[in-house]
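Listed here are the chains, written in short residue letters.
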Amino acid sequence: RDYERLVSHVDRVLRVDLVVELEPVSADYSVPYLMSDRPKSSVRWAQWAQLLDAIRDPRTHVAKALTTPLSLALVRDVYSNVARNPAELTETARFSSPESIETFLLDSFLAEAYGTPPKLHGRTFSRLQAMSWLAYIAQKLESRGTPNIAWWELHESVPAVSRRIIRGIAVAIVAGGAMWISD
C-alpha cells in the first residue's frame, strides 16, 4: 500500500528495480520462532534450551549462523526429527565457524528430504543429484558475482551450443509448418 500511495502522486513510471534486502533475524525473533510447536518434554526441552542460550549470545558461531529465515527454517526442519539433538549445533570443536553450521544444516536437510527419493513425473531424484544441481546453481551465481537467481536469466545456464540447436529446431518446425500450410 505504501508503494501504491507513493506512486499515485507520480506522473511518470518509475524505471528502477525495487530491492528487498533482508536484515539479520535477531534472537528476539528467532528464539520464539524455533520454540513454536516444540514438545515440552524435559529431555527435549533441555536440548533446545542449550541451543537457544547459544543463539542469545551474539558472539557464538551458532548465533551468527542462524540470522536468516533460511537457516532458521533449516534448523526447524532438521531437528523436527526427535532422534536429532539440536544442542549439537553449539559444539565449537565440531563447528568452527558460522559457515560450517550453515553447510551442516543444508547437508542435513538434504539427507532428511532425500532419504526417500521423491518422485516427479514418474522419475526419482537422489540426494546426490540434488546436491549436484545446487552446486551447479551456486557455481553459476558465483561466476556471475551475485547471490540472486533471476528466472528471466535461467536460459543463460544452458550452453550456447544447446540454445542454438534448440532455436534451429524451432525454426525448422515453424518453417516446415508454414510450407505445409501453404501447400
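Coordinates for the structure precede this section.
Note that the structure is predicted; figures quoted are calculated from it, not measured. (Residues numbered from 1 in each chain as written. Predicted model: local features only at pLDDT ≥ 70, side-chain atom pairs only at ≥ 80, totals over all residues. Heavy atoms only, no water.)

> Which residues make up the overall build of the chain, and what are the values?
Looking only at helices and strands, one finds 8 helices and 2 strands in the chain. Overall, the chain shows an N-to-C arrangement of helices and strands of α-α-α-α-α-α-β-β-α-α. Looking at the chain as a whole, 22% of its 183 residues qualify as buried. Put simply, 52% of the contacts in the chain that link residues at least 6 apart link residues at least 24 apart. (Helix = DSSP H or I, 4+ residues; strand = E, 2+ residues; numbered from the N terminus. Buried < 20%, exposed > 50% of the residue type's maximum accessible area, 1.4 Å probe, protein only. Contact = heavy atoms within 4.5 Å.)

> Tell me about the packing of helix H2 (residues 27–35) against helix H5 (residues 69–78), and please be specific about residues and values.
One can describe the packing of H2 onto H5 by two numbers: an axis separation of 10 Å at closest approach and a directional angle of 25°. One way to sum up the angle between H2 and H5 is to call them roughly parallel. Pair H2 / H5 crosses with right-handed handedness. Listed contacts from H5 to Ser30, Tyr33 and Leu34 of H2 are Leu72, Ala73, Val75 and Arg76. Class assignment for the residues of the contact of H2 with H5 results in 5 nonpolar, 1 polar and 1 charged. (Axes fitted to C-alpha atoms, helices over the stretch in contact; angles between N-to-C directions. Parallel < 35°, antiparallel > 145°, perpendicular 65-115°, else oblique. Left-handed = near helix turned anticlockwise from the far one by under 90°. Nonpolar A, V, L, I, M, F, W, Y, C, P; charged D, E, K, R; others polar.)

> So what's going on with the packing of aromatic side chains? Residues and values would help.
Within this structure, the stated rule accounts for 2 aromatic pairs. Judged by centre distance (6.5 Å) and plane angle (85°), the ring pair of Trp48 and Tyr79 falls under edge-to-face. Taken together, the residues span a long stretch of sequence, with Trp48 in helix H3 (residues 42–56) and Tyr79 in the loop between H5 and helix H6 (98–113) at a distance of 31 residues. Taken as a pair, Trp48 and Tyr79 share a single burial class, namely buried. Sitting above the plane of the Tyr33 ring, Arg76 keeps its charged end 4.7 Å from the centroid. (Phe/Tyr/Trp six-rings, centres within 6.5 Å; stacked < 30°, edge-to-face > 60°. Lys NZ or Arg CZ within 6 Å of the ring centre and 35° of its normal.)

> Give me the lowdown on a nonpolar patch on the surface, citing residues and values where you can.
Among the surface-exposed residues, Leu106, Leu134, Tyr136, Ile137, Ile149, Trp151, Trp152 and Leu154 lie close enough to one another that they form a single nonpolar patch of about 870 Å² accessible area. A per-element tally of the nonpolar patch places helix H7 (residues 127–144) first, with 3 residues. Topologically, Ile149 is positioned in the loop between H7 and helix H8 (160–182). Classification of Ile149 by relative accessible area gives exposed; the value is 56%. (Patch = residues over 30% accessible without salt bridge, like charges linked within 9 Å, V, L, I, M, F, W, Y side chains within 5 Å. Areas by Shrake-Rupley, 256 points an atom, 1.4 Å probe, with all protein chains shown as cover. Salt bridge = Lys/Arg side-chain N within 4 Å of Asp/Glu carboxyl O.)

> Talk me through the side chain of Ser71; I want residue IDs and the actual numbers.
Looking at the secondary structure, you find Ser71 in helix H5. Reaching out from Ser71, the side chain makes a polar contact with the backbone oxygen of Ala65 at a distance of 3.1 Å. Filtering out sequence-adjacent residues up to four positions away, Ser71 remains in contact with Ala65, Leu66 and Leu105. (Polar contact = N/O pair within 3.5 Å; in protein donor to acceptor, adjacent residues only side chain to side chain.)

> Talk me through the nonpolar core; I want residue IDs and the actual numbers.
Formed by 21 residues in total, the largest nonpolar core has its most connected members in Leu51, Leu66, Val75, Tyr79, Leu89 and Leu105. Contributions of two or more residues to this core are made by H2, H3, helix H4 (61–65), H5 and H6. The dominant element in this core, judged by the number of residues it contributes, is H3, at 5 residues. Excluding its chain neighbours within four sequence positions, the residues that come into contact with Tyr79 are Arg44, Trp48, Arg84, Asn85, Pro86, Glu88, Leu89, Phe104 and Leu105. (Core = buried A, V, L, I, M, F, W, Y, C linked by side-chain atoms within 4.5 Å.)

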